[in-house]
Amino acid sequence: MDQDITAILFDIRLDDTGQFDMEFDRADFITAGRLGNLMTTFLSSEQARLGDHIRLRLINPTPDRIFEIRIDGLTGFCVAYDGMPLPELVSLGNLKLAPAQRIDIIADVTGDVILRETVPSGGEELGGIMLNGQRQIRSAPIAPLPANLVPAPGEITQTADLFMQGGAGDGAHGGFGGWAFNDVSGLPNKPLISARRDEAVQVRMVNDTAFPHGIHLHGHHFWETDQNGARTHLRDTTLVAPGETMTIQTGSLGGNGSSDGFVPSEIRGSAPRTAVPKGLVSRADGILARRPEVPLEAQGTGHPPSQAVPSANPVGSHPPQRPSALSVSSICAIAVIDILADDISGAVTAPKVSMRIKTRRKTQVIQLLLQPSSKGRSSDIL
């Protein structure tokens, strides 16, 4: 490759003065999420030569925006989805990326490379790579990337249904919030599936709502399937359209250890290397799930597996759920959200607040530094 370029798609909501809009419309919780009014792209390189052979890595890290883009000035193919090489090249056309999805492209530069959002603007320019010089045009064809070594699912031993419910215009459900999975809002009492390492499971996801949902499986990749049940793309995030049913299959669930809970949850950013969900999305309305630690290997990154955390339980056992060392970041995130939920500017007089977080292995003290925000309504967490 002459260049390896990362393109980070970006969506932000600004107020009338051009500043970041701190207000939050409660209606966003039950509609399409907190969509911005400014879309752009951050590029690791903004210049290329005519004829350059480049790898372009598209990343959508936004919490709610589904990007549909086209790219002018390139001749090439999609070669990977979500870090997993495609067995066959996919032609460039209009590309759709749900939150947390990634697409890798290998292509030759034929002009100014312009990324355009096709929906809803119909052609809004997001960013570009401008021509600066020329090189000899290459003639060798583009070939698929080498496949990652991942286990294929064996015989399906467990199946489950995941019904997405709620949102504006939807009927009543058994949960307490605006959204629910299988009539449950918030933390479920037990996992959707409990499985042993290397057990093959299948989940049928039914979107009974009026809105598309990006569904991310933390720490694992899965196969999307077509209407005939044949496996298609290997991904870690899929997009389920309103009224659509999507079936996914996963092979080795445990990575380096046992898997004591298979809990798909609404999209909350890029994949961590543990199976502990982290963060919130503006539409989720508390749809979170916590499960015991699951040691995992890094998949599809080109890096060696992360160091496994030895499992204290034999494969196949299902101990009671309890926080682990890998859960600290989730606990911290929840604690920070709880603090921000109150107007702490009037309740806290000391400039520092400490939280004591106890896990199985050690107790950690997290210190939060507070400063008044520019609008004086709350405090920023430093």
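Before reading on, note that the structure itself is shown above.
**Describing the pattern of salt bridges**
Following the criterion strictly, the structure yields 16 salt bridges and no others. Across the pair D104 and R55 runs a salt bridge whose closest N-O atoms are separated by 2.6 Å. With D104 in strand β8 (residues 102-117) and R55 in strand β4 (residues 53-59), the pair connects residues that are 49 residues apart, well separated along the chain. The burial state of D104 is the same as that of R55; both residues are buried. The partner of R116 in a salt bridge is D72, and the shortest N-O contact between them spans 3.0 Å. On the criterion of sequence distance, the pair formed by R116 in strand β8 and D72 in strand β5 (residues 67-81) is long-range, its members being 44 residues apart. Among the residues examined, D72 registers a relative accessible area of 27% and is labelled partly exposed. It is possible to trace a salt-bridge network through shared partners that takes in D2, R49, D52 and R135.

**Brief notes about the nonpolar core**
By size, the foremost hydrophobic cluster in this structure holds 26 residues, and its most contacted members are L58, I69, I71, L95, I105 and L115. Listed by contribution, the elements that provide at least two residues to this core are β1 (3-12), β2 (38-43), β4, β5, β7 (95-97), β8 and β9 (124-134). Leave out the neighbours within four places in its chain, and L95 touches L58, F67, E68, I69, I71, C78, I103 and I105.

**A few points about the packing of aromatic side chains**
In the structure shown here, the tally under the stated rule is three aromatic pairs. Centre to centre, the rings of F24 and F29 are 5.1 Å apart; their planes meet at 40°, and the pair counts as tilted. For F24, a relative accessible area of 33% corresponds to the partly exposed category. On the numbers, 6.2 Å between centres and 70° between planes, the contact of W179 with F211 is edge-to-face. Of this pair, W179 sits in strand β11 (residues 179-181) while F211 is found in the loop between β13 (200-207) and β14 (213-216), placing the two residues 32 residues apart along the sequence. Relative accessible area serves as the criterion here: at 1%, W179 is assigned to the buried category. The cationic tip of R231 hangs over the ring face of W223; the distance from NZ or CZ to the ring centre is 5.5 Å.

**Things to note about the sheet that holds β13**
Across the sheet, six strands lie side by side as β11-β10-β13-β18-β15-β16; this open sheet has mixed pairing. Where the open sheet ends on each side, the last strands, each with one partner, are β11 and β16 (231-235). Each strand axis lies, on average, 25° off the axis of its neighbour in the sheet, ignoring direction. When strand β15 (residues 222-225) meets β16, the two strands line up antiparallel, connected through three bridges.

**Some details on the pairing of strand β6 (residues 84-91)**
The pairing of β5 with β6 spans four bridges and is classified as antiparallel. Each bridged residue has a counterpart across the sheet, and for C78 the counterpart in β6 is V90. Turn length for the β5-β6 hairpin, with the two strands adjacent in sequence and antiparallel, is two residues, and the turn residue D82 shows positive phi of about 50°.

Quick notes on the rules
- Residues numbered from 1 in each chain as written.
- Predicted model: local features only at pLDDT ≥ 70, side-chain atom pairs only at ≥ 80, totals over all residues.
- Heavy atoms only, no water.
- Salt bridge = Lys/Arg side-chain N within 4 Å of Asp/Glu carboxyl O.
- Helix = DSSP H or I, 4+ residues; strand = E, 2+ residues; numbered from the N terminus.
- Buried < 20%, exposed > 50% of the residue type's maximum accessible area, 1.4 Å probe, protein only.
- Core = buried A, V, L, I, M, F, W, Y, C linked by side-chain atoms within 4.5 Å.
- Contact = heavy atoms within 4.5 Å.
- Phe/Tyr/Trp six-rings, centres within 6.5 Å; stacked < 30°, edge-to-face > 60°.
- Lys NZ or Arg CZ within 6 Å of the ring centre and 35° of its normal.
- Pairing = 2+ DSSP bridges.
- Axes fitted to C-alpha atoms, helices over the stretch in contact; angles between N-to-C directions.

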